[in-house]
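Geometric and topological summary
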Amino acid sequence: MNLEERTYSVLIISQSETFVHSLSSLLLPARFHPQQVVTSAGAARRAFSELAYDLVVINARFPDDPILHLAKDLSLASGTAVLLLVPAEFLQETKAEVQSHGVFTLDKPVSRHLMEVALSWLIAAHERLRRAETRSLSLEDRMQKIRLINRAKWALIDRYGWTESQAHHHLEKLAMDKGLTKREAAEAVLEE
């Protein structure tokens, strides 16, 4: 699927209506949906508990402790890319605090062009996290399959005194004869 066809959910955390209006003009509903705006860290946590947003943009007046913890926590959430905007005088110390947690930081004010670039960075980061999560789930699934098949082999070895090779051959034959996957054949052996 082309990235242009994908939609991204966006959580905006800002007390500035001007900022929200400017950002919303960049977030076309065909590409960025749903969009939710909240004004506090607590409201953001509640919103995130209902929907794990793909992208989070935080417009901070100053980088206080709740906002920094929120940015770090949301960035650690599965597949979420976070951008934290702070006043220029706080940029270096804020970046040092949140960068190791995967939070992007920019100083304010932000030009329209730079915000477009930042949104493209967030999308790229989200896609990379999504692919890594998919690979991780796929690897875990394969490991579970291998463990299940090995348990079935050991059950056959214990039950019939076969070698590992004989148990492996039996599972393959059972799967082929009954039109099952190896996983299904292993489950059938373990249910006997």
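Refer to the preceding data block for the structure.
Residues numbered from 1 in each chain as written. Predicted model: local features only at pLDDT ≥ 70, side-chain atom pairs only at ≥ 80, totals over all residues. Heavy atoms only, no water.

1. With respect to the pairing of strand S2 (residues 32-38)
As paired elements, strand S1 (residues 8-13) and S2 share five bridges and run parallel to each other. Counted as the bridge partner of valine 10 is glutamine 35 from S2. In terms of handedness, the path from S1 via helix H1 (residues 17-26) over to S2 forms a crossover that is right-handed. (Pairing = 2+ DSSP bridges. Helix = DSSP H or I, 4+ residues; strand = E, 2+ residues; numbered from the N terminus. Right-handed = clockwise from strand over helix to strand, strands pointing away.)

2. Structural notes on the nonpolar core
Leu11, Ile13, Val56, Ile58 and Leu84 are the most contacted members of the largest nonpolar core, which totals 24 residues. Looking at this core, the elements with two or more residues in it are S1, helix H2 (41-50), strand S3 (55-59), helix H3 (65-76), strand S4 (81-87) and helix H4 (91-98). Those residues within four positions of isoleucine 58 in sequence are excluded, and the remaining contacts are Ile13, Ile67, Leu70, Ala71, Val82, Leu83, Leu84 and Leu85. (Core = buried A, V, L, I, M, F, W, Y, C linked by side-chain atoms within 4.5 Å. Buried < 20%, exposed > 50% of the residue type's maximum accessible area, 1.4 Å probe, protein only. Contact = heavy atoms within 4.5 Å.)

3. What about the sheet that holds S4?
Reading across from one edge, S2-S1-S3-S4-S5 is the order of the five strands in this open sheet, with parallel pairing throughout. Whereas interior strands pair on both sides, the edge strands pair on one side only; in this sheet they are S2 and strand S5 (103-108). Averaged over all adjacent pairs, the angle separating strand axes in this sheet is 15°, with direction ignored. Here S3 pairs with S4 via five bridges, running parallel. Looking across to S4, one finds that valine 57 is bridged to leucine 83. Relative to S5, H4 is tilted by about 175°, and along the sheet it contacts S4 and S5. (Axes fitted to C-alpha atoms, helices over the stretch in contact; angles between N-to-C directions.)

4. Regarding the environment of leucine 122
Inspection of the secondary structure assignment puts leucine 122 in helix H5 (residues 112-160). Residue contacts for leucine 122: discarding those within four places in its chain leaves Leu55, Val56, Val57, Ala81, Val82, Leu83 and Phe104.

Any functional reading would require information that these geometric values do not contain.
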